[in-house]
Structure formats: C-alpha cells, structure tokens
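Here is how the chains run, residue by residue.
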Amino acid sequence: MVLKIIRSIEWWEYKLPPLLAIGYATIIKSKTPFIEAIPQLLFLLLSLIIGAAYVSIINDITDIKDDLASGKHNRIAGVKPSLRWILPAICLLAGIFFVYLLYPDRLSVFLYTMPWICFSLYSFRPVRLKNRGIWGVLADASGSHIFTSLLMVSSLSYTTNSGIDWWWFGSTGVWALCYGLRGILWHQFYDRNNDLEAGIKTFAVGVAPHNFRLAELIIFGVELAAISLMLFSIHELLPMMLLMVYIIVALTRSYKLKYKPVIIIAPEGQAYHILMADFYQVYFPLSLLFLVAWNTPYAFFVLIIHFLLFPVKTIASLKDLKSLITSN
C-alpha cells in the first residue's frame, strides 16, 4: 500500500541507479577504498528515497482535482483527507534529520535541501510552478536530477576528504540538467492531450511537438558532450566499452527491431526506446561496480546488492542484449 502511494514504481529503477552511478564514480575518482565510502553512499540513498517519497505524495495530493478533471487515476484520492498529510509530514521530519546529519558539510546541506524546496514550489498553490511553463520544467529537472546528482559528488567528496573535482562537478551538473529536462519534457509531452483537456498549463501544452525538434537536438547534444567529459574524467576504459555496447544495442533496436529512437517526444502507437536511458540506468552503474569488483573482490557483494535493488531494468536490458546477439 505504501509503495503504491509513494509511486516507487515510477522512479525507483529509473532515477536511483544513475544517481548511484555518480556516487560510484566519485568514490573511484577519490582513490578511497570503496568499502570505506559505502556507509555514506547508503545514507545518501536512503535520504534520496525519503525525498522522492515526499515528492510523489505531495504531487498526488495537489493533483487530485486536475487528475479528476482529466480522468487520470490518483492513488492518494482514496485516502481520507484527514490522513493524507501524515506520510509527507513524516518524510519532512526525516528530511530535517538527514540535514542535521549532513552538517557541517554546508554545500551538501544546500544541495539536499533544494529539491524539497523545488518540488514544494512545483506542487503547492499559489506558486504551483507545474502550471507555469518553463519554470515548472526547470523546477522538476533541478529537483530530480541536478541537485541530487551534485549532492552525490559533494557529499562523497567531503566524506572521502578528497576535495571536489570541479570539472567533474560541473560536467555532472550540465549532464543532469539536460537529462532532467529530457525526463520532465518527455512526461509533459506524453501527458499533453490529458493536460489540454484538464486545462493544465504545462510547458508542453504551449508548444506544438513538431516545433520542439530543434530544441530536442540541442539538449541531447549538450548532454552527450557532458557525459563524454564525465567518462573522460573517470579515466577508466570499462564504462567507455559498455557505452559502445549500448550504442550497438541501440542501433540494432532502431534498424532491426524497428523501435523508434526517441530523444524527448515519443510517438503514439509505436514501439520506441529513449536514447541513452539504458546506459545511465544499467550499463553505467554496472560498469563501475564491475571495475571496482575486479580490483577488490568484496565489491562483488555491492554488485549483487545493486542488482537485487534494481533487477527489473537490468534483467530487461540483459535479455534485450541477449536476444540481439542470438537473433539471426
């Protein structure tokens, strides 16, 4: 019941593995023994899960009327009004406790606090940035990706006493911005017809999809440049090799299986795959864990735990890869 209310199925496998990949890479770059940074990594993971739960619940609570108008199912609508705010209140108290534990790392305190502020402004009236065009897009991208990705870099750099690599920090921020923009814009364009019917003024409602093609390419081009800088900054071959594997898989999906490659705007009634999503969610984090496990065998336990936490996308991607290799 709780998992349904917090909509974990919508973000668990999609947003957490890329964030963990940033954490894994930051530890690798620090040259600190991996096991020494695992407690802080788990702490950050738990803190982000609490934040994501808060966001999901307040988004549903503040969307009840709009969802009713557009005919969309709302998980929280069936909960008694007197009980709806209990879970977000608990999450908020837990968030305050995490802030206390992060102190005196002031940068990490700031980066952890900002997503709570962004999504509160995104959801709550009278501000409700969700209905304010580009400001809603930037708020979602910032809360979901930018601040959380940079939190991984800042907190783990602080914990390992390695100092922040500002090139890594900057390229990660640019990548997170572009990937975050693609995520929320995909969602808004996917829901565009429902939002038009309900009178919700998202950014996508005010833009014809065919007029957004150039912007798609620009966002994706900057994202690819940023992830290239990130991979170069890591200075390890395996993530680059698995990027090549992913590219082959993506090309095969497009030309052999006839899946339409999508940057942001997905086609209606046609199979498609979102470019680079599988790399960020599966290949990138796994490549980093295999790299660590190759040098320190105990890290295989971390690899196993990662797989147990995020099995669905990993299994689907590996099955897809196997079918592409074995197909005639």
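Along each chain, residues carry numbers from 1 onward, in the same order as the chain's sequence is written. In view of the model being predicted, local features appear only for residues whose pLDDT reaches at least 70, and side-chain atom pairs are presented and counted only at 80 or more, with totals across whole chains, interfaces and linings using the full set of residues. Here the side-chain values reflect all heavy atoms present in the structure, with hydrogen atoms and water set aside.

As annotated in an unreviewed UniProt entry, the protein chain carries the name 4-hydroxybenzoate polyprenyltransferase and comes from Pedobacter africanus.

Here we take up the overall build of the protein chain. Secondary structure follows DSSP: runs of H or I at least 4 residues long count as helices, runs of E at least 2 residues long count as strands, and numbering of each begins at the N terminus. Along the backbone of the protein chain there are 14 helices and two strands. Put simply, the radius of gyration uses C-alpha atoms, and a globule should come to 2.2 Å times the residue count raised to 0.38. Taken over C-alpha atoms, the radius of gyration comes to 20 Å for the protein chain, in line with the 20 Å a tight globule of 328 residues would show. By its C-alpha atoms, the protein chain is 55 × 55 × 35 Å across when sized along the principal axes. Only protein chains enter the accessibility calculation, which uses a 1.4 Å probe; a residue whose area is less than 20% of its type maximum is buried, one above 50% is exposed, and one in between is partly exposed. Here the protein chain holds 328 residues, and 54% of them are scored as buried. A contact between two residues is defined here by any heavy atoms of the two lying within 4.5 Å. In the protein chain, once contacts between residues fewer than 6 apart in sequence are set aside, the share between residues at least 24 apart is 73%. Taken as a whole, the protein chain presents about 16,200 Å² of accessible surface, with 71% of it coming from carbon and sulfur. Of the charged side chains in the protein chain, 26 are positive and 19 negative, and the gap between their average positions amounts to 3 Å. Exposure was quantified through the Shrake-Rupley algorithm and a 1.4 Å probe, taking into account, for residues, occlusion by the shown protein chains and nothing else. Charge counting treats Lys and Arg as positive and Asp and Glu as negative, with His and both chain ends excluded. We put the charge of a Lys on NZ, of an Arg on CZ, of an Asp on CG and of a Glu on CD.

A word on helix α10 (residues 213–234). Spanning 22 residues, α10 covers 32 Å between terminal C-alpha atoms, matching the ideal 32 Å at 1.5 Å per step. Among the residues of α10, E216, I219, F220, E223, A226, I227, M230, L231, S233 and I234 are the ones counted as buried. Projected down its long axis, α10 shows its buried positions confined to an angular sector of 150°, all on one face. Looking at α10, the residues exposed on the side facing more than 90 degrees away from the buried face are L214, L217, I218 and F232. Of the residues trailing α10, H235 is marked for its positive phi of about 60°. Multiply 1.5 Å by the residue count of a helix minus one, and that product is the helix's expected span. Working definition: the arc comes from the directions between the helix axis and the C-beta atoms, pointing outward to the latter.

Bringing the nonpolar core into the picture now. M152, W175, L185, F212, I227 and F279 are the most contacted members of the largest nonpolar core, which has 96 residues in total. A total of 15 residues in this core trace back to one element, the largest contributor, which is helix α3 (residues 34–62). When neighbours within four sequence positions are excluded, F212 is seen to be in contact with L185, F189, F203, V207, I219, I264 and I265. I57, I61, I64 and I76 belong to the second largest nonpolar core, which has five residues in total. Definition of nonpolar core: a set of buried residues of the types Ala, Val, Leu, Ile, Met, Phe, Trp, Tyr and Cys, connected through side-chain atoms within 4.5 Å.

Another aspect to go through is the side chain of S254. If you trace the backbone, S254 turns up in helix α11 (residues 237–255). Since its relative accessible area comes to 17%, S254 is described here as buried. Contact partners of S254, with chain neighbours within four places excluded, come to Y259, P261 and H273.

Right, let's get into α3. Since the α-helix advances by 3.6 residues per turn, residues separated by three or four positions end up pointing in the same direction. Helix length check: α3, at 29 residues, gives a terminal C-alpha distance of 41 Å against a target of 42 Å (1.5 Å per residue), a fit within 8%. Along α3, the sharpest kink reaches roughly 25°, centred on Q40. Of all 29 residues making up α3, 24 are buried, and the element is well covered by its neighbours. One axis fitted to the seven residues ending at a residue, another fitted to the seven starting there: the angle between these axes is the bend at that residue.

With respect to the element layout, D278 can be found in helix α12 (residues 277–295). We define a polar contact as two N or O atoms separated by no more than 3.5 Å, with the added condition that, inside protein, one atom must be a possible hydrogen donor and the other a possible acceptor, whereas residues neighbouring each other in sequence contribute only through side-chain atom pairs. A polar contact of 3.2 Å, which involves the side chain of D278, links it to the side chain of S317.

Where the residue is not glycine, phi is negative for most of them; where a peptide bond is considered, it is trans in most cases. Backbone torsion omega between Y103 and P104 reads 15°, so that peptide bond is classified as cis. Within the element layout of this structure, P104 appears in the loop between α5 (86–102) and α6 (106–123). In this structure, P126 follows R125 across a cis peptide bond, with omega equal to 10°. Mapping P126 onto the fold places it in the loop between α6 and α7 (134–159). A positive phi angle, near 40°, is found at R128, a position not held by glycine.

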